[in-house]
Amino acid sequence: MAGDAPRVHYLAGFSCPLGGLEAGKPRVLCHEAEVFLSTGSEFVYVYDQEGGLLTAVYRFPGQVWHLQLLAPHRALYVLCARRGIYCLSLDTPSRSVSQANKDSEDGELPYPVIPVDPDACVLPDATLCAFTVLDDLLVTLAQGPTQWKLQLFERPRLGEDPQPGQVGEVELSTYTPQAGIPGKPTAPCFLPVLCCVSLPGSRAPHGHPQGCGAFTLEEALFGLLFGADATLLESPVILCGLPDGQLCCVVLRALVTSKSAPGNPKALVRILHHLEEPVIFIGALKTEPQTEEAVESELPSEEVHSDCLVALGHDGRTLAIKASWDESGNLVPELQEYCLPGPVLCAACGRGGRIYHSTPLDLCVVDLAQGSIPLDPQQPNRAPGGLPPTLCPASLSICSVLTVSVSPRAPAGETLLLALSAKGRLMTCSLSCKTPGPTRMTAASADRKIKELLSGIGDVSERVSFLKKAVDQRNKALTSLNEAMNLSCALLSSRQGPRPISCTTTTSWSRLPLQDVLTATCLLENSGDFSLDRGWTLCIQVLTSSSALDLDAAGSAVSYTIPVDRLGPGSQREVTLPLGPTESGVLDLPVTVSCALFYSLREVVGGALAPSDPLEDPFLEEHALDLLPEQEGICLPLSRHTVDMLQCLRFPGLASPHAQAPCLLSPACDPVDTFLETCRVPSREPAGLASLRAKYLPPPVASVQVSAELLRTALEDARSGVPLCSATLQWLLAENAAVDTVKAQALSSIQGVAPSGTDIHLIIREASRGLSVLQVAVTDLCPAGPIQAVEIQVESSSLADMCRAHHAIVGRMQAMVREQAAQNSSPPDLRMQYLRQIHANHEVLLREVQALRDRLCTEDEASSCATAQRLLQVYKQLRSPSLVLL
């Protein structure tokens, strides 16, 4: 359908809440030059079209749900939510007008605001949801606890008894109430619709604008819909459109006599149809073909005998009922259902068989008139006088219309619509009644049109598949991000207690063909309810310290990344890494093994950010990863384990075959050197630097003195009858594979082999300290007497290995002292002057070390020998300070 473009004229604007007005509640009525308007708030506006201004504003005590004008009596009936029905006389001013005028002068309003007097409530009832007014009767629809109730009253008048006499009532179908406050009815989402249908020439209600609560049906359709009784009685019929989709009818005269002659209440109610969606509009129109002259000469105010009853549902389902002839020549009702674009906000019936209905996107018009589509003799889809098989809505290019009505002030040959938009703007829309029908389509154009439609369907289908894939990717990414966030919070908040994801590191020696290798085994364990899927990586960093013989050498770091795939609750993943020795046979200790979980945002979110359809935005596909934050992922530290000399010692002299290998392989060396060594003539004296050091220099020795009381307190749980020295040795070797053998034999001294192949001797002995090399008696430190101390001595022919073992012992002692200090363990009383003396002596030794090192740089080879020997002696004094860890 194509017609002239509508001419839109804006009349006035009204206040509306943020987001626009609510659909279903606004109402617009037109009588002569006056427009009565409700926006769904507590105000009712009266607008004068001739003067172009507001003449009055009525304020009600609650939200206004429905308006109806009884023109002959100049009375406006208003349904106020949860209050009842109010009646306003438009001829006499309200008793509150004087007060309203006073308020308006104070507030400088351009129009008077008239508060409605409580006495204007002619039918107080909080359950009323709809009503319609006849000449002397008032029909209401009340919301019961589980049923709708149709009630009939004598029409109340302003100033009379506020409780009008009830003529009759009947209960309609049941419904399921919405959840709300017990005992208090909940406001329905969709209000029911009431209207009155009458026969031509009967004593029908008059004074209603066409389509505003009352219309007239032709006798043939009236009898087919409501039966012979209603036709013979010439009784008006009440139509009810309910929110559940039922379209019911009640014969008004039968309802009046039901009170005096009660019968079966269900016989009074007849269900015409069920739309299966909330009924939004009920109307009637004339669809029989008319000449252009008849249409243009038809007066808007004259009574129209409609031949078609229509009802519209919220989702667009439309019902049309018309009287038609069957093949036998009998008069039968023709019922046709259509599907219009939805959701439908409002509708109105106009001249020429047109229905105007509004959606959030557009105001459309459909034509049910028979003459609008010429009959095709080759395709007789419908009988003469029947309904069209389909409806094609034509757009009027007006959006967001919440209520619409046909104005009786339209010029000849035109239709004038009054509409209220969601933004609160009142407008008129003038349409021409001349609407040409569609032109015949040729076969070639139809073929081209079908191909275009099929191509469009294919493109849309492909686009839908792309979008579905994109939605699935983003849903998976969001699920993964949510899991990562929960796991991050769990790990960061459980640093002291058990953690849902843990990683423990243990060391062991593995035997290879050329040499033995120290390996670290990292066990990743999932003891929580989380699942590690795509995007998670276990990162292990092995950091070696600088060489003890080369202080300027920097430590090296090696990183390993192991993808974690599908590590569910209760699962474990084990990773074994080599720690050394290197190809040169050197193992720099200590070695720090750090484990962390890394979550890659680029891997998980990058694919979801990229568009699934590259044709949509190629630039977005190229730069999708730029939308990610600067950090490529989330790093969650799990554990930090230090591998020192005490963990790497091996003890081939112990009896247990399970703790150690039967023999140890020496570090790998050059095969040529091995061959020359085997060919060398054996001599009685050892050769090489190591042999000379073993022959002429005593082995380096370092010791640590610890308070016996401190050890007893710290090792109280582990001793269980074991001597203190043996318990101390077991504690030092707790992370060594030979600890079980040491415990079984209760050893207090042990000799092991370092990774380089040199021997290391650990000796634990307990004694009272006497004089030290610093000439300060430990017995003088404590006023209570001599301090019982345990001496831990480490001895090795390799200075580097001895330093590494000493460093490991000192590290364990520092951890023990910090732990005991955290438990509020207090040391014994000390004499501070002796501690100051010991500190001063250490300062002297440190200055001497600096002087000896400077002298070594300037002396010749002969003089530097004595200097080096003195430097070793000073270092020995510093390593044995005769101080006790308390």
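See above for the structure.
Here goes a summary of the coordinates provided. Since we're looking at a predicted model, the values are computed, not measured. (Residues numbered from 1 in each chain as written. Predicted model: local features only at pLDDT ≥ 70, side-chain atom pairs only at ≥ 80, totals over all residues. Heavy atoms only, no water.)

1. Re the sheet that holds strand β2 (residues 27–31)
- The 5 strands are arranged β2-β3-β4-β5-β9 in an open sheet whose pairing can be described as mixed. Strand pairing shows two members of the sheet lacking a second neighbour, β2 and β9 (113–115), which therefore form its edges. Between one strand axis and the next, the sheet turns by 20° as a mean value, whatever way the strands run.
- With 3 bridges joining them, strand β5 (residues 53–59) and β9 adopt parallel strand pairing. (Pairing = 2+ DSSP bridges. Helix = DSSP H or I, 4+ residues; strand = E, 2+ residues; numbered from the N terminus. Axes fitted to C-alpha atoms, helices over the stretch in contact; angles between N-to-C directions.)

2. Details of the state of the cysteines
- Considering all chains together, one arrives at 0 disulfides under this definition.
- Note on Cys-635: no disulfide assigned, nearest cysteine sulfur contributed by Cys-539 at a separation of 6.2 Å. (Disulfide = S-S within 2.5 Å.)

3. A short note on a nonpolar patch on the surface
- Together, Ile-450, Leu-454 and Ile-457 line one region of the surface with nonpolar side chains, adding up to about 310 Å² of accessible area.
- Here Ile-450 lies in helix α5 (residues 443–493).
- Using a relative accessible area of 48% as the deciding quantity, one classes Ile-450 as partly exposed. (Patch = residues over 30% accessible without salt bridge, like charges linked within 9 Å, V, L, I, M, F, W, Y side chains within 5 Å. Areas by Shrake-Rupley, 256 points an atom, 1.4 Å probe, with all protein chains shown as cover. Salt bridge = Lys/Arg side-chain N within 4 Å of Asp/Glu carboxyl O. Buried < 20%, exposed > 50% of the residue type's maximum accessible area, 1.4 Å probe, protein only.)

4. Concerning the pattern of salt bridges
- Summed over all chains, the structure comprises 15 salt bridges.
- The residue Lys-322 makes a salt bridge to Glu-288 at a minimum N-O spacing of 3.4 Å. Of this pair, Lys-322 sits in strand β23 (residues 317–325) while Glu-288 sits in the loop between β20 (279–285) and α4 (292–297), and the two are 34 residues apart along the sequence.
- For Glu-288, a relative accessible area of 32% corresponds to the partly exposed category.
- Within this structure, Asp-588, Asp-801 and Arg-804 form a network of salt bridges that share partners.

5. Here we look at unusual backbone geometry
- Along the chain, Gly-342 connects to Pro-343 via a cis peptide bond; the corresponding omega equals -5°.
- Looking at the element boundaries, Pro-343 is found in the loop between β24 (331–339) and β25 (346–349).
- For the bond running from Leu-589 to Pro-590, omega is 0°, close enough to zero to count as cis.
- Within the secondary structure, Pro-590 sits in the loop between β36 (572–580) and β37 (591–600).
- With a phi angle near 60°, Arg-82 is a residue other than glycine that sits in the positive phi range.
- Mapping Arg-82 onto the fold places it in the loop between β7 (75–80) and β8 (84–89).
- With a phi angle near 65°, Glu-276 is a residue other than glycine that sits in the positive phi range.
- As for its placement among the helices and strands, Glu-276 is situated in the loop between β19 (269–274) and β20.
- Look at Glu-276 and you get exposed, because its relative accessible area is 61%.

Spatial relationships are all this shows, so hold off on functional conclusions.
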